[in-house]
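Commentary on secondary and tertiary structure
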Amino acid sequence: MNFLSRFALLFCLVGAVYAQTATDYSLNDGAIRFKVPADWSMILQKTEGSPQAIAFQMKDPADQGTDTATRVTVDTRHFSDANEFSSFVASGMAKAKQINSYTEEVGSNDATHLRYTGMDAGKRYQYRDMYLFRDSLGIHVRCVRPLLPATTNAWTKAYEQGCDLLMSSVQQ
């Protein structure tokens, strides 16, 4: 292998590593920090006052030409105490359960995590909600994707890994 071939191979390997790196974000003056995959596009950011939020959109090739989109939000708000936060969580979970054709994913839920599917505008979506309370801040993470027949297993795996990265990093 000549020098030019080695350089091209090294360039491709470095590019692949860079493409898979995570991007850091924060809310509430850095009190809440998290990571998302670098290829997630930020579509909204509100970092003043309460609530604060950052929203992302992921491109699934299967949603091209449709009116559906995969999106993820992280929002925070101040609560006076854990009881007020608990009421917020209960209200959010009750609202989720009222989505048309709500179906809870068995075995994946607890007091602060909820996975389910439901219909929105005639399309079936999969939802992942996570709630956390830390230092008077309530944190809500939501991953939402349309369930499209043409979505590949590889894309779904990358999306799930991205949501896992976000949810684990926001807990640290």
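Just above, that's the structure.
Now for a description of the structure that goes with this document. (Residues numbered from 1 in each chain as written. Predicted model: local features only at pLDDT ≥ 70, side-chain atom pairs only at ≥ 80, totals over all residues. Heavy atoms only, no water.)

Remarks on the packing of aromatic side chains
Condition: For this analysis, a ring pair means two rings from Phe, Tyr or Trp (six-membered ring only for Trp) whose centres lie within 6.5 Å, classed as stacked if their planes differ by under 30 degrees, edge-to-face if by over 60, and tilted for the remaining angles. Partly exposed describes any residue whose relative accessible area lies between the buried limit of under 20% and the exposed limit of over 50%, with all areas from a 1.4 Å probe on protein chains only and scaled to the type maximum. Helix and strand labels come from DSSP, where a helix needs a run of H or I of at least four residues and a strand needs a run of E of at least two; each type is numbered from the N terminus.
Applying the stated criterion across every chain yields a total of 13 aromatic pairs. Their ring planes at 20 degrees and their centres at 6.0 Å tell us that tyrosine 25 and phenylalanine 34 sit as a pair that is stacked. Like phenylalanine 34, tyrosine 25 is buried. For the ring pair tyrosine 102 and tyrosine 116, a centre distance of 5.2 Å and an interplane angle of 40 degrees mean the geometry is tilted. Highlighted residues: tyrosine 102 in the loop between helix 2 (82-96) and strand 6 (103-104) and tyrosine 116 in strand 7 (residues 113-120), separated in sequence by 14 residues. Judged by relative accessible area, tyrosine 116 falls into the buried class, the value being 0%. By way of ring pairs, the aromatic residues Phe79, Phe85, Phe88, Tyr131 and Phe133 are connected into one cluster.

Regarding the environment of valine 144
The line we're drawing: Any two residues whose heavy atoms approach within 4.5 Å are treated as being in contact.
Take valine 144: it is sitting in strand 9 (residues 137-146). Taking the C-alpha atoms as reference points, valine 144 and tyrosine 127, separated by 17 residues in sequence, lie 4.6 Å from one another. Setting aside residues up to four positions removed in sequence, valine 144 forms contacts with Ala69, Thr70, Arg71, Tyr125, Gln126, Tyr127 and Tyr159.

Quick word on the pairing of strand 5 (residues 70-78)
Filter applied, for reference: Here, a strand pair is defined by DSSP locating no fewer than two bridges between the strands.
In this structure, strand 4 (residues 52-58) lies alongside strand 5, joined through seven bridges in antiparallel fashion. Looking across to strand 5, one finds that alanine 55 is bridged to threonine 73.

Some remarks on the nonpolar core
Nonpolar side chains in soluble globular proteins generally cluster together in the buried interior. Definition in use: Put simply, buried Ala, Val, Leu, Ile, Met, Phe, Trp, Tyr and Cys residues joined by side-chain atoms within 4.5 Å make one nonpolar core.
Judged by nonpolar contacts, the single largest core of 23 residues is most densely connected at Phe34, Phe56, Val72, Val141 and Val170. Where this core is concerned, the elements lending two or more residues are strand 1 (22-27), strand 2 (32-37), strand 4, strand 5, strand 8 (123-134), strand 9 and helix 3 (153-170). For this core, the element with the most residues is helix 3, which contributes six residues. Once you skip the residues sitting within four places of it in the chain, valine 72 turns out to touch Trp40, Ile54, Ala55, Phe56, Met58, Arg142, Cys143, Tyr159, Cys163 and Leu166. Phe79, Leu114, Tyr116 and Tyr125 belong to the second-largest nonpolar core, a separate cluster that totals eleven residues.

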